Amino acid sequence: MKRRSLVLLPLAGAAGAWPLAARAQPAWPDKPVHLVVPFPAGTGPDLLSRKLAEKLQPLLGQPVVVDNKVGAGGAIGAELVVQAQADGYTLMLGASTHVTQKLISPQFRFDPLTQFVHITRVAFSPSILVVAASSPYKSVRDLVDAARREPGKLNYASGGIGSAAHLAAAAIATAMQLDMVHVPYRGSADILQSLVAGDTQFGVPIAATALPLVTQGKLRALATTGAQRMRQLPDLPTLNEALGRDNLVFDAWSGVWAPVGTPVVVVNQVNAAVLKALAEPDLREAFEKGGAEVAPTRTPEEFTRFVLAETARYAKLVATARIG
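Residues numbered from 1 in each chain as written. Predicted model: local features only at pLDDT ≥ 70, side-chain atom pairs only at ≥ 80, totals over all residues. Heavy atoms only, no water.

### Section: the overall build of the protein
Short version of the rule: Runs of E in the DSSP output that reach at least two residues are strands. Runs of H or I that reach at least four are helices, and both are numbered from the N terminus. Note on method: radius of gyration uses C-alpha positions; expected globular size equals 2.2 Å times residues raised to 0.38. Residue exposure (1.4 Å probe, protein chains only): buried if accessible area is under 20% of the type maximum, exposed if over 50%, otherwise partly exposed. The contact rule is simple, with two residues in contact once any of their heavy atoms fall within 4.5 Å. Areas reported here follow the Shrake-Rupley algorithm with a probe of radius 1.4 Å; residue values treat only the protein chains shown as occluding.
A count of helices and strands for the protein gives twelve helices and eleven strands. In terms of overall size, the protein behaves like a compact globule, its C-alpha atoms giving a radius of gyration of 22 Å where 324 residues would be expected to give roughly 20 Å. In terms of overall dimensions, the protein has C-alpha extents of about 85 × 40 × 30 Å along its principal axes. The buried share of the protein, reckoned over its 324 residues, is 54%. For the protein, the share of sequence-separated contacts (at least 6 apart) that also reach a separation of at least 24 residues comes to 78%. Accessible area of the protein: about 15,400 Å², with a carbon and sulfur share of 55%.

This is how it looks when you write it as structure tokens:
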């Protein structure tokens, strides 16, 4: 909100004051930058965000502090960030889940399209359909057959309503005409705990979250949601392969957002720093090992167009699956 000054100055004096005021503005950043990660500590998105923050610190010349603001599948963090000062010192890991949440729950106090500047897309991540290692289900077909035999008996876990895990499982249920029960948790890490404890029968967390327990043998992976098989799990089929479909591709995505009104010069500086960080081979390798594919957009305008297109795509899925 612009304020009008009540001080009357001669025109020449006022004009002469502007260059001095401009010179008085401190260069950005001159203090730590906070990256809000609206997902629990220790999950895939959190770990990858911390690696990105480490790379950004020397590029920006200030500490980049990761703040986990957890709740409602990421909505709590988003609601806090839109209330933050738009000065570049509060950024957020925005994700596809924020788009779907707003579509499903309009009452959330944030709008991913109008209240954020979309600075740089960071990565895509497929999800993995997983069951407990002790589960009797050895394939996606086993799971589908069990759901058909006992409608309403199988529970699937998600990190919250509108999360990537929720949308992927709901899409499977819709495509295969299955009656299954959604059990939303506070975050994606809870999906894994519920499966290991036997509280739910399957889940579809993003690969960055699921991979560690899959490789440790605590969870059994049945399929991935990507268009192609994952390099880390080359023997694991995609959902399309497992079910003979062509419409079960779901890649979650994430990127750096800022509150709307953040100065353009700061937005461009963050964009350039993120692009430089993502170009470093060791960071790309860390993302790939975590099940994510580095996929930066070159400009904020390109990222905004992508978010708009994804919003339209997810709106169709939410309507078809009758989620909400």
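Let's pick the thread back up.
### Some points on the sheet that holds strand β4 (residues 116-126)
Selection criterion: When DSSP finds two or more bridges between a pair of strands, those strands are recorded as paired. Each axis is a line fitted through C-alpha atoms, and for a helix only the stretch in contact is used; angles between axes span 0 to 180 degrees, taken between their N-to-C directions.
Spatially, six strands are ordered β2-β1-β3-β10-β4-β11 in an open sheet, and the strand pairing comes out mixed. The open sheet is flanked by β2 (64-68) and β11 (293-294), the only strands paired with a single partner. Relative to strand β3 (residues 90-95), strand β1 (residues 33-37) runs parallel, the two sharing three bridges. If you follow valine 36 over to β3, its bridge partner there is methionine 92. Where helix α2 (residues 44-60) meets the sheet, it contacts β1, β2, β3, β4 and β10 (251-259), and its direction lies at approximately 155° from that of β2.

### Examining the side chain of lysine 102
This is how it is decided: Positive residues here are Lys and Arg, negative ones are Asp and Glu, while His and the chain termini are left out of the count. The salt bridge definition used is simple: a Lys or Arg side-chain nitrogen within 4 Å of an Asp or Glu carboxyl oxygen. Whenever a nitrogen or oxygen atom comes within 3.5 Å of another N or O atom, the pair is scored as a polar contact, on the condition that within protein one atom can donate a hydrogen and the other can accept it, and that pairs from neighbouring residues in sequence are kept only if both atoms are in side chains.
With respect to the element layout, lysine 102 can be found in helix α4 (residues 96-104). The buried charged residue lysine 102 lacks any salt bridge partner; its closest oppositely charged side chain belongs to aspartate 111, at an N-O distance of 5.5 Å. Of note is the side chain of lysine 102, whose polar atom sits 3.1 Å from the backbone oxygen of phenylalanine 110. Those residues in contact with lysine 102 that lie beyond four places of it in its chain are Phe108, Phe110, Asp111 and Pro112.

### Comments concerning the pattern of salt bridges
For the structure on display, the rule yields eight salt bridges. Across the pair aspartate 282 and lysine 55 runs a salt bridge, and its minimum N-O distance is 2.7 Å. Here the residue aspartate 282 occupies a position in helix α11 (residues 281-289), and lysine 55 occupies one in helix α2, the gap between them amounting to 227 residues. Among the residues examined, lysine 55 registers a relative accessible area of 18% and is labelled buried.

### A word on the confidence of the model for the protein
We apply this condition: Each residue carries a pLDDT value, the predictor's own confidence for that position, ranging from 0 to 100.
Scored by pLDDT, the protein comes out at a mean of 89, with 92% of its residues at no less than 70. Across residues 1-24 the pLDDT falls below 50, and counting only partners more than four positions away or on other chains, this stretch makes one contact in the model.

### Quick word on the side chain of threonine 209
Checked against the element boundaries, threonine 209 lands in helix α8 (residues 207-215). Residue threonine 209 is classed as buried on the basis of its relative accessible area of 6%. Not counting residues within four places of it along the chain, the set of residues in contact with threonine 209 comprises Thr43, Gly44, Pro45, Ser188 and Leu192.

### Details of unusual backbone geometry
In this model, tryptophan 28 is joined to proline 29 through a cis peptide bond whose omega is -5°. Looking at the secondary structure, you find proline 29 in the loop between α1 (11-24) and β1.

### Thoughts on the nonpolar core
One broad rule of soluble globular proteins: the nonpolar side chains tend to lie buried together. Quick note on the threshold: The set of buried Ala, Val, Leu, Ile, Met, Phe, Trp, Tyr and Cys residues whose side-chain atoms join them within 4.5 Å is what this entry labels a nonpolar core.
If you look at the biggest cluster of nonpolar residues, it comprises 52 residues, and the most contacted ones within it are Phe116, Leu129, Val140, Met180, Phe202, Leu239 and Trp253. Here this core takes nine residues from helix α6 (residues 164-176), the largest share from any one element. Apart from residues no more than four positions distant in its own chain, tryptophan 253 is found in contact with Gly94, Ala95, Ser96, Val99, Ala123, Phe124, Phe303, Phe306, Val307, Glu310 and Tyr314. Among the nonpolar cores identified, the runner-up in size contains 36 residues, and Leu48, Leu56, Leu91 and Val122 belong to it.

### Digging into the environment of alanine 164
Inspection of the secondary structure assignment puts alanine 164 in helix α6. A C-alpha to C-alpha distance of 9.2 Å links alanine 164 and tryptophan 253, two positions 89 residues apart in sequence. Excluding anything up to four places from it in sequence, alanine 164 contacts Thr97, Ile206 and Ala252.

### Brief notes about the packing of α2 against α11
Heads up, the condition is: The labels follow the angle: roughly parallel below 35 degrees, roughly antiparallel above 145, roughly perpendicular from 65 to 115, and oblique for the rest. Ten residues, namely Ala, Val, Leu, Ile, Met, Phe, Trp, Tyr, Cys and Pro, are considered nonpolar, four, namely Asp, Glu, Lys and Arg, are considered charged, and the remaining ones, Gly among them, are considered polar.
Here α2 crosses α11 at 175°, and the two axes come no closer than 10 Å. Classified by the angle between their axes, α2 and α11 sit roughly antiparallel to one another. Residues Leu48, Lys51, Leu52 and Lys55 of α2 form the contact with α11, whose participating residues are Asp282, Leu283, Ala286 and Phe287. Broken down by class, the residue content of the contact of α2 with α11 amounts to five nonpolar, no polar and three charged.

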